[in-house]
Amino acid sequence: MPPANDPAQSPLPNRWPELLAPAGNLEKLQVAIHYGADAVYLGGSRFGLRAHAGNFSDEELRTATALAHEHGVRVYVTVNIFAHQQDFAGLPEYLVFLRELGVDGLIIADPGILAVARRTVPELPVHLSTQANVTNPESAAFWEACGVSRINPARELSLAEIKGLRQRVRAELEIFVHGALCISYSGRCFLSLYLTGRDANRGDCAHPCRYRYRLLEEKRPGQFFPLEEDERGSYIFNAKDLCLLNRLPELIRTGADALKIEGRMKSLFYVGTVVRLYRAALDFWQQQGLDTPLPPAFAEELSKIGGRGQSENFFEQQPEATEMLYDGTTANPRGVPAAIVRKGGPAPLVEARNPFQCGDTIEFLERGLNNIPCRVTAIHDLEGQALARANPNSLLRLTLDRPGNYSRHGLFRRVSDHGAPRDRLPLGRSSHRGFP
Ligand code: SF4
């Protein structure tokens, strides 16, 4: 096969990459669209990894696809389990159903599922999941010859290796740029199955690599002896999160077709704020040119998003022990979710996500990177009764000291100089299901 053009030789990329966001449910999909995703990936209730991501019923898949297309956003559906024989029952019908919905692509890891998809719905593009662990150009060419139109290689590749793939195949390349990392090859790991009975390879990881471990001698119940990876405890393999924000120009020049954010199990706030950050960065470079460094506001914004710290993983060199997070399951973010706008306007109707009070200053996250700090001057419930405090999950009308158009699906957050207390876990909380 002849090598594809090498866009790295060209000062301007031919095509700007797609920003691809996770959509664990309909609400997250709306927020991802609101903050600028070009495409979303989501799972139906069958055949996809991420068993606890919420996932979409068939009817919700229909709604989600229509909604995304209304906004010009593409929809890719995960069919990426490693299938056992019994898993194939109903697969052809499901694939035909997805074709009839008009989804824009399937995300597949298993060669058997790929074979069924090529036979049953040959017109539907297939994207190869990172779970297939493409680590070299020959492997990429193999999958391309099998009919995949896009390859998401293993997350364990350097930039030089990604360039090698680009030169070997014409298939689109989709690169993970942000989100959780596994210590195993992109999720192919049995730690969760052994310790909790939940199989990561079937979408049900309980994330035991993030737990804090102690030693127990069986005749001394209740006495936990420290097990020290270092003096802060032992987290078996608690990898920091991937963050390639500052490396996007190199990826764009290399010819990456899609930049993917991990996190179908992450919170709505995580999805919204990360999509917003990467959208703003891509727009910045499109306007200013790829040689212009990001202004400090981007690093400031990143510090408010939090997560498990940041790692560039294998992008430049093999990660070392410093790429692990030893002192907790998450790094403390400075931004704490406050509310999401359910009905926009100068006095928005919001759903509170964490407590806040009259007199507190919260910031509204506009699209782009503009944050509008505003003081809450009044809170009313739906009956019009004035409240001193907003409680989580309640629907409230906010009066703010700054007039503005607080748009639907927009987010409000509180910002702390010191980070949120650990027990609050405001970001990615759903991915911590099952933590001790
Ligand atoms: S236990 Fe950790 S390393 Fe293993 S699949 Fe789950 S998240 Fe990945």
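This one's a predicted model, so the numbers in the text were calculated from it and none came from an experiment.

Along the backbone of the protein chain there are ten helices and 21 strands. The proportion of buried residues among the 436 residues of the protein chain is 56%. Total accessible area on the protein chain stands at roughly 18,800 Å², and carbon and sulfur atoms take up 51% of it.

Close to the ligand lie nine residues, the nearest being Cys182, Ile183, Cys189, Cys205 and Cys209. Taken together, the residues that form the shell around the ligand break down as seven nonpolar, two polar and no charged.

Turning our eyes to something else, we now look at the pairing of strand 1 (residues 18-22). For a regular strand, side chains alternate in direction, first toward one face of the sheet and then toward the other. Extensive coverage of strand 1 is indicated by the burial of five of its five residues. Going residue by residue along strand 1, you find Glu18, Leu20 and Pro22 tucked away on one face and Leu19 and Ala21 tucked away on the opposite face as well. One ladder, built from three bridges, connects strand 1 with strand 11 (residues 258-261); its direction is parallel. Looking at the pairing, Glu18 lines up with Ala258 of strand 11. Taken together, the three bridges between strand 1 and strand 2 (residues 39-43) define a ladder with parallel strand orientation. Note on strand 2: the bridge partner recorded for Leu20 is Ala39.

Moving on, we come to the packing of helix 9 (residues 268-288) against helix 10 (residues 296-305). In contact at an axis separation of 10 Å, helix 9 and helix 10 are set at 165° when each is read in the N-to-C sense. Between helix 9 and helix 10, the crossing angle belongs to the class labelled roughly antiparallel. Once helix 9 is placed against helix 10, the crossing between them reads as left-handed. Contact residues: helix 9 offers Thr273, Val274, Arg276, Leu277, Ala280, Ala281 and Phe284, while helix 10 offers Phe298, Glu301, Leu302 and Ile305.

In this section: the packing of aromatic side chains. Per the counting criterion, the structure on display carries eight aromatic pairs. Ring centres of Phe142 and Trp143 lie 5.4 Å apart, and the angle between their planes is 80°; on these two criteria the pair is classed as edge-to-face. Here the aromatic cluster, defined as three or more aromatic residues joined through ring pairs, consists of Phe284, Trp285 and Phe298. One cation-aromatic arrangement involves Arg155 over Phe176; the distance from NZ or CZ to the ring centre is 3.9 Å. Directly above the aromatic system of Tyr270 lies the positively charged group of Lys266, at a separation of 4.3 Å from the ring centroid.

Let's shift gears to unusual backbone geometry. Glycine aside, residues mostly have negative phi, and peptide bonds are mostly found in the trans state. With a phi angle near 60°, Asn133 is a residue other than glycine that sits in the positive phi range. Looking at the element boundaries, Asn133 is found in the loop between strand 5 (126-128) and helix 5 (137-145).

To describe two helices that pack against each other, one gives the angle between their axes and the distance between the axes. Where helix 5 meets helix 6 (residues 159-168), the axes come as close as 9 Å, and the angle between the chain directions of the two elements is 40°. As summarised for this structure, helix 5 and helix 6 are arranged oblique, according to the angle between their axes. Handedness of the crossing formed by helix 5 with helix 6: right-handed. Note on element contacts: helix 6 touches helix 5 through Gly164, Leu165 and Arg168, opposite Pro137, Glu138, Ala140 and Ala141. For the contact of helix 5 with helix 6, the residue count by class is four nonpolar, one polar and two charged.

Once that is clear, we can look at the pairing of strand 2. Of all five residues in strand 2, five are buried; the element is thus mostly enclosed. Burial along strand 2 is two-sided: the residues Ala39, Tyr41 and Gly43 and Val40 and Leu42 are all buried. On the question of chirality, the crossover connecting strand 1 to the parallel strand 2 by way of helix 1 (residues 26-34) is right-handed. Sheet topology note: the strand 2/strand 3 (residues 74-78) ladder contains five bridges and is parallel. When the sheet's bridge partners are listed, Tyr41 is paired in strand 3 with Tyr76.

With that out of the way, let us pick up the nonpolar core. Generally speaking, a soluble globular protein has its nonpolar side chains buried in company with each other. The biggest cluster of nonpolar side chains holds 97 residues, and the ones touching the most others in it are Leu42, Val79, Leu98, Leu248, Leu251 and Tyr278. Among the elements that line this core, the one with the most residues is helix 9, at 13 residues. Per-domain counts for this core show at least three residues from each of domain 1 (7-184 + 239-323) and domain 2 (335-415). In this structure, Val79 is in contact with Phe47, Leu91, Tyr94, Leu95, Leu98, Leu106, Ile107, Ile108, Ala109 and Ile113, ignoring residues within four places of it in sequence.

Our next topic: helix 4 (residues 111-120). Taken as a whole, helix 4 has its buried residues at Ile113, Leu114, Val116 and Ala117. What you see down the axis of helix 4 is that its buried residues fit within an arc of 165°, all on one side. For helix 4, the exposed residues lying more than 90 degrees away from the buried face are Pro111 and Arg119. Residues of helix 4 that are buried make contact with helix 3 (91-101), strand 4 (105-108), strand 5 and helix 5. Two to three positions downstream of the cap, the backbone nitrogen of Gly112 sits 2.6 Å from a side-chain oxygen, assigning the N-cap of helix 4 to Asp110.

The predicted model of the protein chain has a mean per-residue pLDDT of 86, with 86% of residues at 70 or higher. Confidence drops under a pLDDT of 50 for residues 1-10, and excluding neighbours within four residues, the segment shows 16 contacts in the predicted structure. Below pLDDT 50 for its whole length, residues 419-436 participates in 57 contacts with residues either more than four positions away or in separate chains.

Within the secondary structure layout, Tyr185 lies in the loop between strand 7 (172-179) and helix 7 (191-196). Judged by its relative accessible area of 45%, Tyr185 falls in the partly exposed class. As for Tyr185 and Gln131, which are separated by 54 residues in sequence, their C-alpha atoms are 7.7 Å apart. Once residues within four sequence positions are removed from consideration, Tyr185 is found in contact with Asn133, Thr135, Ala154 and Glu156.

Calculation rules
Residues numbered from 1 in each chain as written. Predicted model: local features only at pLDDT ≥ 70, side-chain atom pairs only at ≥ 80, totals over all residues. Heavy atoms only, no water. Helix = DSSP H or I, 4+ residues; strand = E, 2+ residues; numbered from the N terminus. Buried < 20%, exposed > 50% of the residue type's maximum accessible area, 1.4 Å probe, protein only. Areas by Shrake-Rupley, 256 points an atom, 1.4 Å probe, with all protein chains shown as cover. Near = heavy atom within 4 Å. Nonpolar A, V, L, I, M, F, W, Y, C, P; charged D, E, K, R; others polar. Pairing = 2+ DSSP bridges. Axes fitted to C-alpha atoms, helices over the stretch in contact; angles between N-to-C directions. Parallel < 35°, antiparallel > 145°, perpendicular 65-115°, else oblique. Left-handed = near helix turned anticlockwise from the far one by under 90°. Contact = heavy atoms within 4.5 Å. Phe/Tyr/Trp six-rings, centres within 6.5 Å; stacked < 30°, edge-to-face > 60°. Lys NZ or Arg CZ within 6 Å of the ring centre and 35° of its normal. Right-handed = clockwise from strand over helix to strand, strands pointing away. Core = buried A, V, L, I, M, F, W, Y, C linked by side-chain atoms within 4.5 Å. Domains from an automatic or database assignment. Arc of directions from axis to C-beta. Polar contact = N/O pair within 3.5 Å; in protein donor to acceptor, adjacent residues only side chain to side chain. pLDDT = per-residue confidence, 0-100.

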